[in-house]
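# Structural overview
For reference, the chains in residue letters:
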Amino acid sequence: MIAVRRLSLTLGEFVLRDIDLDVAEGEYFVLLGPTGAGKTVLLECLVGLHRPAAGTIRLDGADVTSAPPERRGIAYVPQDYCLFPNLTARDNIAYGLAGRNRPRAEIEARTGELADWLGVRPLLERRPLTLSGGEKQRIALARALAVRPRLLLLDEPLAAVDPSTRDEVCGELKKIQREGRTTVIHVCHNFEEALTVADRIGILRDGRLVQIGSPRDIFRRPRSAFVARFTGAANLLPGEWADGSARAGGFRFPAGGRKPGRGWIVFRPEDVEVRRGREGAEAPDDGEAEKAKRTGVVTAVSDRGPYLRIEIRTAEGLFVAAVSPRDERIGGLTEGENVEILLPFDRAAFIEDADDGEERSPRRSS
Amino acid sequence: MSRDRDSGRSSRLRAVLGGFLFFYLGFIVLVILANVLWLGRPGAGGGPSPWTFLWSRPDLRAGLWSSIRLSLVASTITSCLAIVLAVPSAYALSRFRFRGAAVIDTIIDLPIVVPPLLAGVALLIFFRQFPVGRFIEQHIVPVVYTRTGIVVAQFFVASAFSIRAVKAAFDGVNPRFEMVARSLGDGPFRAFRRVALPLARNGIVAGFVMTWARAMGEFGPIMMLAGATPGKTDVLSVSAFLNMSSGHVEASIAIVVLMIGLAAGALIVFKKLGGKGYLW
Amino acid sequence: MSGSVPASRPQSEKNASRHVHPNGFRIALILGLALAGSPWQAAPESIAAPTRVYMARDLEPLFRAPLAEFSRRRPERTVEIVARPGSAMRKELAAGRSTGILIASGATELVSLDQAGRLAPGSAIRLADVPLGVFVRAASAVKNLSDLKALAGPGFARVGIAARASGAIGAESEQALHKAGIWEAVRPKLVVLPPEDLIAAAARGDVDASVAALNQAEAAVRAALIIPDRLHDPLTMTAVLLRDTPADAGTRAVTDFLRSPEIRDVLLKAGGRLPAPDRPAAGELFFYCGAGLREAADDLIAEFGKATGIRVRPTYTGSGCLLAQITISESGDLYMPGEQFYMDQAVGRGFIREREVVTYFIPVIMVGKGNPRHIHGLTDLFRPGLRLGIGEKDSTAIGAFTPKLLAAEKLSYEALLKNVVASFATAPEMGNAVKLGAVDAAIQWDAVASWYLDGADVVAFPTDPATISPVPLGVLKFSRDPAAARSFLKFALSPVGRAIFEKHGHSIDPSRPTFRPKS
């Protein structure tokens, strides 16, 4: 569908470097990255707002690198939606079709159809100023979809949406993709949001696509400490592995048939088990057990609703665990208590990464 | 001002700010009032008031009508030309980044800085002593000491106001609006016409109004370039000057009061017309 | 000599019907004969012989000098002026077989000679239309009149008038008095004189005023009133060939001369109105005029237009600005600054082809209505506690002039400055300040002061040539029609022009200022 090759661009402080990206027909692709990574610039490059310094963009095989936006058939919903404030919601939706001088009946039919589909019919005569964030977004989506674009670009579509309706909107977006058979590229900085909607995710960091893969792939097999941390894998232990066994800090555990290397061994917080522990420190378990055990002191507990986030200081450093609040073993856990944590080796991810610029400390989560 | 429900502190602030505003307003209104009253006072020796006197003189009245017409027509032509020029120029200045933009920006402001009378001298030199100006004068349209000269003089000193205001308006229109329009299929011109132009409308109206107002009040450059010929190039401001310099203070004050009234009326109309249906 | 007959020009016919009705109707008939063919053109060259030019005696002063000049310039052509009293000349020409050119004023002579068959058909050339005026002695205390009815008032005990039978002047004078409704009132005062004696009698003081044609004016008299057209038909001055006059080179040269700009200017300066210029449609004249002279200039332009058909377009600004405009634009025809200083600059820059002083500014003291501070002369201005206004020294003519004035009167400018509370950028602003009471007194031009008499009084003091400021009018070298521009200059100097200046409070004669000092 869309194929980007070695795309580079410098725009003020934003830089895109050698972006290679393929999105298939009907796919929901999420571009994920922290603020300032260049997500919006990349999106605007695809729309045609910026001309890349190098590289090509192909749409269905045709080179559109230097085609003007109106020849690309790529619809665009900017972060602030950019609804035309001087037009009613109806005229906003009809904008593209009116510009193409379509018959009035067709325009009305299409507008009505989209309004019903997205549930905005009652809003049609209102002006954008009077609409809420979610309402604006739907109008903006309808406006983009009205012209039946080949590709729909969404820039932070949930940023201005009330958190309580976030899931609903995500569902809406998926519906648009599936029922409308639309190819979507969606930009966001929130991994959970990406997980909810994405067929595939691309992670952008400092103008580079550092990893592309399915949500599970990214989730389970981060290829860099950055991706690991960005996707919420808080526990990174510097280590090395060779001959089927790995060492990280005081731990030693099996590493399967991995090639020898060094880098990071990563445990996601939800994989870390926590138990009430006994007084005093325990000697490092250097046996090749299923799980590594450590004792430590709870330094912070925060209730995140579906889970409890617990920070534990150990001799190896700080660990973060996400546990169910219904877990009876830790009921009523408070700061200062001694606990025992268990790291399941089979859930560990290995990042071969001699030096990716991350500081070598497990404590980088927040 | 009426919308915010404010505590005691912000209402004190309101009083202070309002005080400044009313001081200024009061000053202007009192000056106008003083002039109106002065015109209406009984004449020397129980004669008619200056106002009645002026109104009873058909020759002065006829001259006044022709001045009013001339002023309105010239200022309106000037403002239309200025806007026609300002919209594309200001759009270019606002949207395109190019080398020397700062220099261009400065050049645009220069006519505002030059003292008006000398702006007229400058124009006269251009049209009579410079080959380009001479060519225009001889082969395209005579400017010096003609009614065309009125518009040229007004245009020279006042059109910068249009460019300024329109540029500010375009600066205030997020370019993303146009990008969205283009992603929906509009070419650059169509996106400009359908999006940037209507969104900048308030600024364009403001530019037109400012240019118009400045053109109405303009006097020095008109006198130098178009001459101060009664019945031909005596716009209201020039007519006020001519009356002043032949001792008819009453007539010139009457013209000033009239100009204020006319301008107020016209500005209200322009703003109403221009801003209509544009609530956002 | 193609197109030499003005009657064939529709424009001049229009003029004729406007200015010379009903006599004009008769003249138009005579002029109309020209369509039949022009004897000026038809005749072959013949040997030079003296060309006689007949005219009534009252016209002689006007034409003597120019015709003498013509003879001086063309020694091969002899011109002989034959001037007789009107009735005597009519008789002589009607009876005899004299040939030559007749210059007639009014229709009387033309009609009678035409009836006698003594005029060459179609040979008439209209030279000018001259209105009548009321003349008084130049030094007379009589102010200019606003209405002919003033003649019925007590100021005039003896009024000179030409006899009805003596010619057009008498007939038109009588008509004017009738139309003004004062014939019965004035009749007992009338002193009937031969037309050529009207002016001399007024100059001598034999009569208090004379009604005469403007062209008769001399330095010893002035026109206190130009009789408006609605009361009379201005006299049409016509040149016509007597029957059987050989159309030789001499005759032709004289008639050409009569139609030349030189004679036109003479006639214009004599108060005449010219028929539409006999040349390709002239553009308008552009006139740079000091803003303070506007009122007079507006009238001057209007009357000049009526008199010549030439349009003048003025621009009014400060004299210095005007000079800048002339310098830069290198165009325009006439320049009348408020002060000699600017004219000198224009002359220095080589812009001026020709110039004359047309009026004067005389300094006076403007005081509040009723003279509340009892100011009676320049020395009173030094009294402590007075609030004075003066013109700004560098930018206004009156301001620049004030130190000169004081120096001439041996007074100290610096001492005066102690009382000065304001200096003004324009003379009208200063007049306004006195009127509004912002200052107690100001040194001001007489003409400007005269605009504010509704709210201020004027104290005049004796002046001499060092303490008056002449106002010059110049023809610019850039003029594309210098002859027309020159005509305007001459017109400004004519009785009509001078009356206009006086009407607007300007002194045209320093010895007879607008405001007289109390002796």
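Report on the accompanying structure. All of these numbers come straight from a predicted model, not from anything done at the bench.

### Comments concerning the nonpolar core
In terms of nonpolar packing, the biggest core is built from 180 residues, with Phe63, Leu148, Leu151 and Tyr335 of chain C touching the most fellow members. If you tally residues by element for this core, the top one is helix α19 (residues 482-493) of chain C, at seven residues. Setting aside residues no more than four positions away along its own chain, leucine 151 of chain C makes contact with Val134, Phe156, Val159, Leu177, Ile182, Val186, Lys189, Ala209 and Val211 of chain C. Counting residues in hydrophobic clusters, the runner-up holds 74 residues, among them Ala86, Met179, Val180 and Val205 of chain B.

### Details of the interface of chain A and chain B
Between chain A and chain B, the contact holds 28 residues from the first and 23 residues from the second. Of all residues in chain A, Glu70, Pro85 and Tyr95 of chain A give up the largest surface area on contact with chain B, accounting jointly for 28% of the area buried on that side. At the boundary of chain A and chain B, one finds two salt bridges. The shortest N-O distance in the salt bridge between arginine 182 of chain B and glutamate 70 of chain A comes to 2.8 Å. Where chain A packs against chain B, one counts seven residue pairs in polar contact (both at pLDDT 80 or more). Elements with a contribution of two residues or more to the side of chain A that touches chain B: α1 (39-47), β6 (74-77), α2 (89-99) and α4 (133-146) of chain A.

### Some points on the pattern of salt bridges
All names here are of chain C. If you walk through the whole model with that rule in mind, you get 51 salt bridges over all chains. For glutamate 284, the salt bridge goes to arginine 313, with nearest N and O atoms at 2.8 Å. One end of the pair, glutamate 284, is in the loop between α11 (261-269) and β11 (285-290); the other, arginine 313, is in strand β12 (residues 312-317), with 29 residues separating them in the sequence. Judged by relative accessible area, glutamate 284 falls into the partly exposed class, the value being 31%. Taken together, the shared-partner salt bridges in this structure form one network comprising Glu69, Arg72, Arg73 and Glu262.

### What about the sheet that holds β11 of chain C?
Residue and element names in this part refer to chain C. Spatially, five strands are ordered β12-β11-β13-β20-β14 in an open sheet, and the strand pairing comes out mixed. Each of the sheet's edge strands pairs with one partner strand only, and the pair in question is β12 and β14 (352-361). Going from strand to strand, the sheet's axes swing by 20° on average, the running direction of each strand aside. Direction of pairing for β11 relative to β12: parallel, over a ladder of six bridges. Bridging from a neighbouring strand, tyrosine 288 pairs with threonine 315 of β12.

### Observations concerning the environment of leucine 406 of chain C
Residues and elements named next belong to chain C. Along the chain, leucine 406 turns up in helix α15 (residues 397-408). With 65 residues separating them in the primary sequence, leucine 406 and phenylalanine 341 have C-alpha atoms 18 Å apart. Not counting chain neighbours up to four residues away, the residues in contact with leucine 406 comprise Phe382, Leu411, Ser412, Tyr413 and Leu416.

### Brief notes about unusual backbone geometry
What you tend to see is this: most non-glycine residues have negative phi, and most peptide bonds are trans. Phi at tyrosine 81 of chain A is positive, roughly 70°, even though this residue is not glycine. Its identity as a non-glycine residue notwithstanding, histidine 374 of chain C has a phi of 50°, on the positive side.

### Topic: the side chain of aspartate 186 of chain B
Summarising the element assignment, aspartate 186 of chain B is placed in the loop between α8 (175-183) and α9 (188-199). There is a polar contact of 2.5 Å between the side chain of aspartate 186 of chain B and the side chain of tyrosine 95 of chain A. Those residues in contact with aspartate 186 of chain B that sit more than four places away from it in its chain are Glu70, Tyr95 and Gly99 of chain A together with Ala181, Ala191 and Arg194 of chain B.

Cut-off values and rules
Residues numbered from 1 in each chain as written. Chains lettered and ligands numbered in written order. Predicted model: local features only at pLDDT ≥ 70, side-chain atom pairs only at ≥ 80, totals over all residues. Heavy atoms only, no water. Core = buried A, V, L, I, M, F, W, Y, C linked by side-chain atoms within 4.5 Å. Buried < 20%, exposed > 50% of the residue type's maximum accessible area, 1.4 Å probe, protein only. Helix = DSSP H or I, 4+ residues; strand = E, 2+ residues; numbered from the N terminus. Contact = heavy atoms within 4.5 Å. Buried area = accessible area lost by both parts, 1.4 Å probe. Salt bridge = Lys/Arg side-chain N within 4 Å of Asp/Glu carboxyl O. Polar contact = N/O pair within 3.5 Å; in protein donor to acceptor, adjacent residues only side chain to side chain. Pairing = 2+ DSSP bridges. Axes fitted to C-alpha atoms, helices over the stretch in contact; angles between N-to-C directions.

Remember that the coordinates give geometry; whether it matters functionally is a separate question.
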